[in-house]
Amino acid sequence: MAFRNLRRRRSRNTLTIIAIMLGVSLLIGISIASSSGMAEFSKYLSRIWGETDLIIRYGNRMPFDERNITIVEGVAEVQKSVVRVNWHARLENDTKKVAGLMGIDTNNDWEFADYNISGSREIHGTSVVVGSMLAENYGLKIGDTFNLTIRAYNTETWNRTYHYSIIGIYYPTPPVSSVDVFTTLAEVQDASGLSGMISTILAKLKDASTTAIVRDQFQDSLGLEFEVLAPKIEAQKRMEEMATGFQAGLTVLMLIALLVSGFLVFNTMFMSVYERTYEIGVLRAIGSSRRQIFFTFFSESLILGLIGASLGIPVGLTLSSLFTFLFEKAFGLSKITILVTVDACIGGFIGGTVTTMIGAVYPAVSASRANVIQALRPISRTGRRAVSDVAVLIIGLVLLVTGSALTVQLIPHVEPFMGFLDIFLVPIGVIIMVAVLLKRGAGFLANPIGLVSSSIGTLLSKTLEGNC
Amino acid sequence: MSSGIVVEMDDVEKTYQLGKVKVYALREVSLFLFQGEFVLVMGPSGSGKTTLLNLIGGLDKPTQGKISVNGLDLTTLSDKELTKIRRHKIGFIFQFYNLIPVLTALENVELPLLAAGQPKGRARERAKELLHIVGLAERMNHMPDELSGGEQQRVAIARALANKPSIILADEPTGDLDSKTGSEIVQVLHDAAKKENATVVVVTHDPLIAEKADRIMRMRDGQIISEESLG
């Protein structure tokens with residue numbers, strides 16, 4: 001009986017199913033896109049920073065005594081560490097260009113070993129790897145040679161000119177780097193007079209979750225003139241701060257979508273209760289209990305919820321591709337791998353079904369509590385549906401106007417929750433208004449969904465008719 | 001008419017408060033209804049006929065007085081208990097038939113049986129039997145909107161008789177039918193009730209029904225002003 005009643009009000013119920021489907025699909029789509037985006041950020045950070053958890057350098061970026069490495073190596077949490085020295089040089093044929101020169105411990109530098117380098121990375125003496133920008137700007141390629149004039153430490157004069165041959169080209173991610181030439185640690189220290197000096201210590205920890213604690217420990221041991229950086233967790237934190245507003249907006253969108261779904265279920269069922277008040281009176285008169293009346297209406301809502309939530313899963317998976325694409329564009333990321341999780345699908349399905357059930361409780365209770373005498377009065381044979389339509393229309397209008405006012409900043413934004421609110425309020429307002437206006441003419445939407453629902457309903461009605 | 005009191009009303013009063021005014025829907029009504037009796041309640045609009053029916057049917061409670069159905073005092077029963085009484089002891093027939101539009105004739109008759117917890121198979125058999133009694137065996141799988149007014153009212157009669165009630169309460173059962181169909185319906189109701197040994201109380205303006213009645217009660221201003229035994 002519950003299912004047959006749904007078929008009787010096909011257009012309205014179809015729109016309700018669509019609303020639930022949209023709510024569930026947004027929930028699933030946003031959830032999957034959001035987790036895929038954040039996973040991509042983590043991978044991106046790992047690509048930039050590799051395995052390095054901590055970077056130690058002097059506050060004024062000047063070289064410091066390499067014996068400080070013993071402080072780092074003495075900490076139990078450190079799995080491995082390596083030193084680098086950065087210095088400056090000039091290209092012989094362009095004295096205005098100051099090139100970044102980096103000396104690498106070729107045996108131990110795990111980051112350099114992972115760099116995207118074409119050609120060879122086996123640097124030694126005058127065989128060097130150059131950055132792709134330097135290579136492009138000066139037309140250098142593997143096998144070419146060039147001259148560098150290296151500045152002497154603690155003098156303002158440029159020391160000697162060295163002749164180097166290119167064995168590899170380094171392509172950084174992102175494609176910007178302050179380093180133009182990679183050679184050995186000893187080569188840079190000898191050429192610049194930086195013997196026994198280094199400018200950077202890289203450390204990898206046994207457990208990355210202790211990064212913040214070890215960072216503070218190093219800072220205390222080395223003193224405030226040193227910079228102890230935890231690039232990955234700091235970038236992660238910055239990224240999370242940036243994403244907080246975005247995620248808050250998405251969360252608000254999901255909540256609003258579910259709220260609208262729940263409200264539409266409430267409205268649909270409430271109208272149904274009003275229209276069928278006389279029928280409720282008859283059912284009560286012929287011996288149906290309040291409980292049976294409650295379950296008749298509740299079952300109808302549940303069927304709507306189950307159909308809407310089921311349809312919401314494939315639509316949500318499609319939406320997740322769209323949202324991921326927007327994520328890629330918004331944050332300039334390369335192709336994001338979409339992480340479809342069963343949790344997200346089940347969460348969306350349950351969210352939609354529970355919202356439907358919540359929206360259905362009051363109308364179903366209201367039906368079960370109907371006064372039989374009043375319900376059996378002839379006036380109850382005609383419902384009061386017009387009022388409900390107007391109320392829904394007004395709510396849609398309020399959402400639309402509020403969203404528009406936020407867009408043109410007539411209403412001040414309160415971050416982070418209102419940052420993206422206008423993006424969601426306007427379309428939801430429009431959807432509600434159009435849904436109400438199209439209510440009568442929405443039969444074309446009903447037929448395809450009717451086919452799906454009739455097969456589900458045939459199965460469900462067998463068990464649910466017992467409640468009627 | 002056989003013996004056995006099915007309904008007893010003792011000094012029943014039903015009032016409504018309209019602002020500061022107390023309106024009497026029923027005043028000092030006392031009556032007995034006997035098993036298998038066919039009783040007509042006649043009177044002008046607003047005389048309290050429907051209120052009387054609602055009180056006997058346990059849809060409403062009196063402001064004062066006592067109503068017993070099969071010895072059970074309805075005024076002391078909870079809503080749940082009244083629902084059970086309506087389910088098992090009372091059958092309702094309405095002016096506009098009030099069949100559930102999404103169910104077939106057969107399913108409409110099954111409805112009170114299923115509400116009473118009857119197994120599906122037994123409910124179906126009983127519903128078919130009743131539709132046969134009211135002459136609708138051929139149209140049992142039709143939807144209400146595929147049936148004429150008279151046919152719908154026959155289904156309503158079958159539905160009212162489903163749980164073998166001791167009382168059938170009919171509120172203007174011929175009010176929406178032409179006189180010929182109305183007569184047929186009264187005949188069907190009369191015969192079916194006799195077959196099921198049910199007491200029938202019919203509220204009507206239709207003098208044609210009087211031919212079938214064992215007793216006629218006339219009401220005015222919430223009171224029974226006359227009683228006439230015909231049986």
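Just so it is clear, the model here is predicted, and its values are computed rather than measured.

### Details of the overall build of chain B
Regarding its fold elements, chain B presents six helices and ten strands. Here chain B holds 231 residues, and the buried ones make up 49% of them. Nonlocal contacts in chain B, meaning residues at least 24 apart in sequence, comprise 71% of its contacts between residues at least 6 apart.

### Examining the overall build of chain A
Along chain A, the regular secondary structure elements total 15 helices and twelve strands. Taken over 468 residues, chain A has a buried fraction of 43%. Contacts in chain A between residues at least 24 apart in sequence constitute 83% of all its contacts with a sequence separation of at least 6.

### A word on the interface of chain B and chain A
With 20 residues of chain B at the interface, the matching set in chain A holds 16 residues. Taken together, the elements giving at least two residues each to the side of chain B that touches chain A come down to α2 (79-89) and α3 (105-115) of chain B. By residue class, the composition of the side of chain B that touches chain A is eleven nonpolar, four polar and five charged.

### Side note on the environment of B:Lys128
All names here are of chain B. The residue Lys 128 is located in helix α4 (residues 120-133) in this model. You can call Lys 128 partly exposed: it has 17 C-beta atoms within 10 Å. Spatially, the C-alpha atom of Lys 128 lies 8.4 Å from that of Val 109, the residues being 19 residues apart in sequence. If near-sequence neighbours (up to four positions away) are discounted, Lys 128 is found in contact with Leu 106 and Met 140.

### Some words on α3(B)
All names here are of chain B. Buried residues dominate α3, accounting for eleven of its eleven residues. The set of residues buried in α3 consists of Ala 105, Leu 106, Glu 107, Asn 108, Val 109, Glu 110, Leu 111, Pro 112, Leu 113, Leu 114 and Ala 115. Positive phi shows up at Gly 117, right after α3, with a value of about 85°.

### Thoughts on the packing of helix α2 (residues 10-49) of chain A against helix α8 (residues 231-275) of chain A
With their axes 8 Å apart at the nearest point, α2(A) and α8(A) run at an angle of 175° to one another. Relative to α8(A), the element α2(A) lies roughly antiparallel.

### Some thoughts on the nonpolar core
Ranked by size, the top nonpolar core spans 143 residues in total, and within it B:Val41, B:Leu131, B:Ile157, B:Ile167, B:Ile168, B:Val200 and B:Val201 carry the most contacts. At 15 residues, helix α10 (residues 290-331) of chain A tops the list of elements feeding residues into this core. Aside from chain neighbours lying at most four places away, what touches B:Val200 is B:Phe38, B:Val39, B:Ile168, B:Ala170, B:Leu189 and B:Ala193. Among the nonpolar cores identified, the runner-up in size contains 49 residues, and A:Ile56, A:Val78, A:Ala135 and A:Val228 belong to it.

### Some details on the sheet that holds strand β7 (residues 167-171) of chain B
All names here are of chain B. Judged by pairing direction, the sheet is mixed, and its six strands sit side by side in the order β6-β7-β8-β3-β9-β10 without closing on themselves. Only two strands of the sheet have a single partner each, and these edge strands are β6 (90-93) and β10 (223-229). The average angle at which neighbouring strand axes cross in this sheet is 20°, direction not considered. Pairing of β6 with β7 involves four bridges; the strand directions are parallel. In the sheet register, Ile 90 faces β7, and the bridge partner there is Ile 167. Of the strands in this sheet, β6 and β7 touch helix α5 (residues 149-161), which is tilted by about 165° from β6.

### Some words on unusual backbone geometry
Residues and elements named next belong to chain B. The phi angle at Asp 11 is positive, at roughly 50°, despite the residue not being glycine. With respect to the helices and strands, Asp 11 occurs in strand β1 (residues 5-18). By C-beta crowding, Asp 11 is classed as exposed, having 12 other C-beta atoms within 10 Å. Of note, the phi angle at Asn 70 is positive, near 50°, even though the residue is not glycine. Take Asn 70: it is sitting in the loop between β4 (64-69) and β5 (72-73).

### A few points about the sheet that holds β4(B)
Residue and element names in this part refer to chain B. The antiparallel open sheet is built from four strands, whose spatial order is β2-β1-β4-β5. The open sheet has two free edges, formed respectively by β2 (21-34) and β5, since each of these has just one partner strand. Pairing between β4 and β5: two bridges, direction antiparallel. For Ser 68, the partnering residue across the bridge sits in β5 and is Asp 73.

### Quick notes on the packing of α3(B) against α4(B)
Residues and elements named next belong to chain B. Running from N to C, α3 and α4 cross one another at 125°; their axes reach a closest spacing of 9 Å. The orientation of α3 relative to α4 falls into the category oblique. Considering how the two elements wind past one another, α3 and α4 form a crossing that is right-handed. Residues Ala 105, Leu 106, Val 109, Glu 110, Leu 113 and Leu 114 of α3 touch α4, and the partners they reach there are Ala 123, Arg 124, Arg 126, Ala 127, Lys 128, Leu 130 and Leu 131. Tallied by class, the residues present in the contact of α3 with α4 amount to nine nonpolar, no polar and four charged.

### Focus on the pairing of strand β3 (residues 78-91) of chain A
Residue and element names in this part refer to chain A. Here β3 pairs with strand β11 (residues 200-205) via six bridges, running antiparallel. The residue bridging Val 78 from the neighbouring strand is Leu 205, located in β11. Taken together, the three bridges between β3 and strand β7 (residues 145-151) define a ladder with antiparallel strand orientation. For Ala 89, the partnering residue across the bridge sits in β7 and is Ile 150.

### With respect to the environment of A:Thr324
Tracing the backbone through its elements, the reader meets A:Thr324 in helix α10. Apart from residues lying up to four places away in sequence, A:Thr324 is in contact with A:Ala33, A:Ser36, A:Gly37, A:Ile336 and A:Ile338.

### Quick look at the confidence of the model for chain B
Per-chain confidence: chain B averages 88 in pLDDT, with 98% of residues scoring 70 or above. Interface confidence in the predicted complex, given as ipTM, is 0.87; pTM for the same model is 0.66.

Cut-offs used in this document
- Residues numbered from 1 in each chain as written.
- Chains lettered and ligands numbered in written order.
- Predicted model: local features only at pLDDT ≥ 70, side-chain atom pairs only at ≥ 80, totals over all residues.
- Helix = DSSP H or I, 4+ residues; strand = E, 2+ residues; numbered from the N terminus.
- Buried ≥ 20, exposed ≤ 12 C-beta atoms within 10 Å, placed from the backbone.
- Contact = placed C-beta atoms within 7 Å.
- Nonpolar A, V, L, I, M, F, W, Y, C, P; charged D, E, K, R; others polar.
- Axes fitted to C-alpha atoms, helices over the stretch in contact; angles between N-to-C directions.
- Parallel < 35°, antiparallel > 145°, perpendicular 65-115°, else oblique.
- Core = buried A, V, L, I, M, F, W, Y, C linked by C-beta atoms within 7 Å.
- Pairing = 2+ DSSP bridges.
- Left-handed = near helix turned anticlockwise from the far one by under 90°.
- pLDDT = per-residue confidence, 0-100.

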